[in-house]
Amino acid sequence: MFSRRLNIDVEPNELTLLYNAKKKYGERIYDLTSTNPTKLGFNYDTKQIVKHIIDERSLVYEPDPRGLISAREEIAVYYSEIGKYVQPDDIFVVPSTSEAYSYLFKLLLDADEEVLIPQPCYPLFEFLAKLDMCRVVYYPLVYDYRGGWTTDFIMLEKKITPKTKAILIINPNNPTGSYLKKEEYNKFITLADKYNLSLVVDEVFSDYEISAGETALKSTAGIESNITFILNGFSKMLGLPQMKFGWILIQGEEGKRREAIERLEVIADTYLSVATPVQYAAKMLFKTREKIQEEIKQRISENYNLLKTKFLLNPDVKVLNCEGGWSGILNYENLLIPEDEYVFKLLDTKNVLIHPGYYYDFFTEGYAVLSLLTRQEDMEEGLDRICG
Ligand SMILES: Cc1ncc(COP(=O)(O)O)c(C=O)c1O
């Protein structure tokens with residue numbers, strides 16, 4: 001009766017069942033996994049946001065498949081602030097980057113065709129691909145305690161088949177926090193040229209650098225390539241996922257870019273998904289960027305330092321290097337305990353919630369992911385309980 005798209009296991013796992021049961025009985029849980037910035041005690045510019053969120057102009061419906069020109073101009077202003085020059089006409093406003101993926105899968109992939117995605121990564125892309133009847137194929141990121149995370153290009157090239165249509169790069173990746181390096185991006189561009197593939201670069205965490213070094217690319221905007229689709233939005237950039245405002249920036253060789261834009265217009269015109277009020281509010285919302293990012297950056301840096309300090313003298317648990325983004329990673333493979341068991345036991349006996357690495361498709365057991373957005377008092381107490 002139903003489509004194959006939703007043949008996905010959505011049953012809650014044991015960890016979720018335990019969490020829900022503890023919550024039901026009113027137990028205090030140290031949740032070190034939440035990445036919902038609106039519930040983690042940040043000081044948003046509430047007055048300004050509330051004042052501008054509805055504008056009289058919103059009472060007139062003037063649909064444009066690319067989004068209102070005024071909103072696209074503000075996005076171009078953001079790029080100029082980070083030293084990149086882009087054209088508003090190369091931008092499509094979308095409700096979120098998740099929906100941007102859906103537009104791009106429709107644009108680039110037919111049923112059962114493949115998009116290459118990094119492993120480990122955030123568990124979203126497989127669902128998005130399934131909903132569009134296409135497939136993800138993983139390419140590995142490898143970790144070295146001296147050099148951090150890098151892309152394994154030999155394996156990546158081996159994964160390219162006649163069904164491959166695009167390569168997804170997440171810059172910086174979630175949860176590894178690794179930024180794309182200039183040299184790496186050149187290799188991606190070369191591969192994309194060689195196999196006639198599109199590049200999709202997700203830059204939703206790009207403003208949240210902790211320490212990435214000179215060779216890291218903060219944005220791929222403005223760099224020449226065959227064809228690249230750059231994604232970003234207010235969800236992470238301004239810590240406002242509920243505003244539902246994101247975008248796709250199309251870059252690349254003139255003919256290809258033009259054709260991509262024409263085809264994307266058909267998709268966007270079919271849905272016309274983005275609400276008008278948020279598009280008019282975009283100008284003012286962008287103005288909140290500096291202050292909220294300063295607060296979020298301070299939180300993620302302090303939590304990352306706290307993580308490193310707490311496990312500094314622990315021979316069994318290592319903290320992986322994090323260049324940016326909102327996640328921290330623990331490696332406890334020395335403990336030789338299955339991931340499920342370790343994480344379940346922490347919640348069961350110490351009321352601390354962290355995510356097992358397999359949620360993010362790590363290659364081997366022995367990893368856990370924590371949110372660096374966690375309130376500091378919870379992080380401090382949660383880590384003490386893990387260490388204790
Ligand atoms: C790398 C990455 N891209 C995109 C998203 C989804 O963002 P949005 O709220 O814009 O759909 C997430 C969610 O956390 C993410 O981790």
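Check the entry above for the structure.
Residues numbered from 1 in each chain as written. Predicted model: local features only at pLDDT ≥ 70, side-chain atom pairs only at ≥ 80, totals over all residues. Heavy atoms only, no water.

Points about the site of the ligand
Right, on to step 1. Surrounding the ligand, one finds Ser96, Thr97, Ser98, Tyr122, Leu124, Ile170, Asn174, Asp202, Val204, Phe205, Ser235 and Lys236.
Right, on to step 2. Within the side chain of serine 98, an N or O atom sits 2.5 Å from an oxygen atom of the ligand.
Right, on to step 3. Between the ligand and lysine 236 there is a distance of 3.2 Å, counted from an oxygen atom to a side-chain nitrogen or oxygen.
Right, on to step 4. Protein chains bury 91% of the 400 Å² of accessible surface belonging to the ligand in isolation.
Right, on to step 5. Mapped by element, the contributors of at least two residues to the shell around the ligand are α4 (97–108) and α8 (234–237). (Near = heavy atom within 4 Å. Polar contact = N/O pair within 3.5 Å; in protein donor to acceptor, adjacent residues only side chain to side chain. Areas by Shrake-Rupley, 256 points an atom, 1.4 Å probe, with all protein chains shown as cover. Helix = DSSP H or I, 4+ residues; strand = E, 2+ residues; numbered from the N terminus.)

Looking at the sheet that holds strand β14 (residues 367–371)
Hydrogen bonds between backbone atoms are what pair the strands of a sheet, whose relative direction is either parallel or antiparallel.
Right, on to step 1. If you walk across this open sheet you meet the 4 strands as β10-β11-β14-β13, and the pairing is antiparallel. Looking at the sheet topology across the chains shown, the edges are occupied by β10 (318–319) and β13 (355–356).
Right, on to step 2. Judged from the 2 bridges that link them, β13 and β14 form a sheet pairing that is antiparallel. If you follow proline 356 over to β14, its bridge partner there is alanine 368. (Pairing = 2+ DSSP bridges.)

Topic: the nonpolar core
Right, on to step 1. Membership of the largest hydrophobic core comes to 93 residues, with the highest contact counts inside it found for Phe188, Trp247, Leu285 and Ile354.
Right, on to step 2. Ranked by size, the runner-up nonpolar core spans 33 residues in total, among them Leu109, Val115, Leu231 and Ile261. (Core = buried A, V, L, I, M, F, W, Y, C linked by side-chain atoms within 4.5 Å. Buried < 20%, exposed > 50% of the residue type's maximum accessible area, 1.4 Å probe, protein only.)

Side note on the sheet that holds strand β8 (residues 227–233)
Right, on to step 1. With mixed pairing, the 8 strands of this open sheet are ordered in space as β2-β9-β8-β7-β6-β3-β4-β5. Each edge of the open sheet carries a strand with a single partner, namely β2 (91–94) and β5 (148–151). Between one strand axis and the next, the sheet turns through 25° on average, direction left out of account.
Right, on to step 2. Judged from the 4 bridges that link them, β2 and strand β9 (residues 246–252) form a sheet pairing that is antiparallel. Note that in β9 the partner of isoleucine 91 across the bridge is leucine 249. (Axes fitted to C-alpha atoms, helices over the stretch in contact; angles between N-to-C directions.)

Some thoughts on helix α10 (residues 276–287)
Right, on to step 1. By the criterion of burial, α10 is predominantly enclosed, with 9 of the 12 residues buried.
Right, on to step 2. Along α10, the positions that sit buried rather than exposed are Thr276, Val278, Gln279, Tyr280, Ala281, Ala282, Met284, Leu285 and Phe286.

Let's talk about helix α12 (residues 339–350)
Because an α-helix packs 3.6 residues into every turn, residues spaced three or four apart end up facing the same way.
Right, on to step 1. Taking 1.5 Å per residue as the helical rise, α12 with its 12 residues ought to reach 16 Å, and the 16 Å between its terminal C-alpha atoms agrees with that figure.
Right, on to step 2. When we look at burial in α12, the residues that qualify are Glu339, Tyr342, Val343, Leu346 and Leu347. End-on, the buried residues of α12 take up no more than an arc of 125°, which puts them together on one face. For α12, the exposed residues lying more than 90 degrees away from the buried face are Lys345 and Thr349.
Right, on to step 3. Residues of α12 that are buried in the fold lie against α1 (14–24), β12 (352–353), β13, β14 and α13 (376–387).
Right, on to step 4. Two residues or fewer past α12, asparagine 351 is found with a positive phi of approximately 55°. (Expected span 1.5 Å × (residues − 1). Arc of directions from axis to C-beta. Contact = heavy atoms within 4.5 Å.)

Looking at the packing of α4 against helix α9 (residues 254–271)
Right, on to step 1. Taken N-terminus to C-terminus, the directions of α4 and α9 make an angle of 125°; their axes are 10 Å apart at the nearest point. Between α4 and α9, the crossing angle belongs to the class labelled oblique. The handedness of the crossing between α4 and α9 is right-handed. Seen from α4, the contacting residues are Tyr103, Leu104, Lys106 and Leu107; seen from α9, they are Ala260, Arg263, Leu264, Ile267, Ala268 and Tyr271.
Right, on to step 2. Its residues assigned to classes, the contact of α4 with α9 shows 8 nonpolar, no polar and 2 charged. (Parallel < 35°, antiparallel > 145°, perpendicular 65-115°, else oblique. Left-handed = near helix turned anticlockwise from the far one by under 90°. Nonpolar A, V, L, I, M, F, W, Y, C, P; charged D, E, K, R; others polar.)

Brief notes about the packing of α1 against α12
To characterise two packed helices, one gives the angle between the axes of the helices and the distance between these axes.
Right, on to step 1. The geometry of α1 relative to α12 is characterised by a closest axis approach of 10 Å and an angle of 5° between their N-to-C directions. Between α1 and α12, the interaxial angle falls into the category roughly parallel. Contacts between α1 and α12 pair Glu14, Leu15, Leu18, Tyr19 and Lys22 from the former with Val343, Phe344, Leu347 and Asp348 from the latter.
Right, on to step 2. For the contact of α1 with α12, the residue count by class is 6 nonpolar, no polar and 3 charged.

Description of unusual backbone geometry
Right, on to step 1. Put simply, glutamine 119 and proline 120 share a cis peptide bond, and its omega is 5°.
Right, on to step 2. On the secondary structure map, proline 120 appears in the loop between β3 (114–119) and α5 (125–131).
Right, on to step 3. With phi around 55°, lysine 244 is a residue other than glycine that occupies positive phi space.
Right, on to step 4. Of note in this structure, leucine 336 is not a glycine but carries a positive phi near 55°.

So, to be careful, I would describe these as geometric facts and stop short of saying anything about function.
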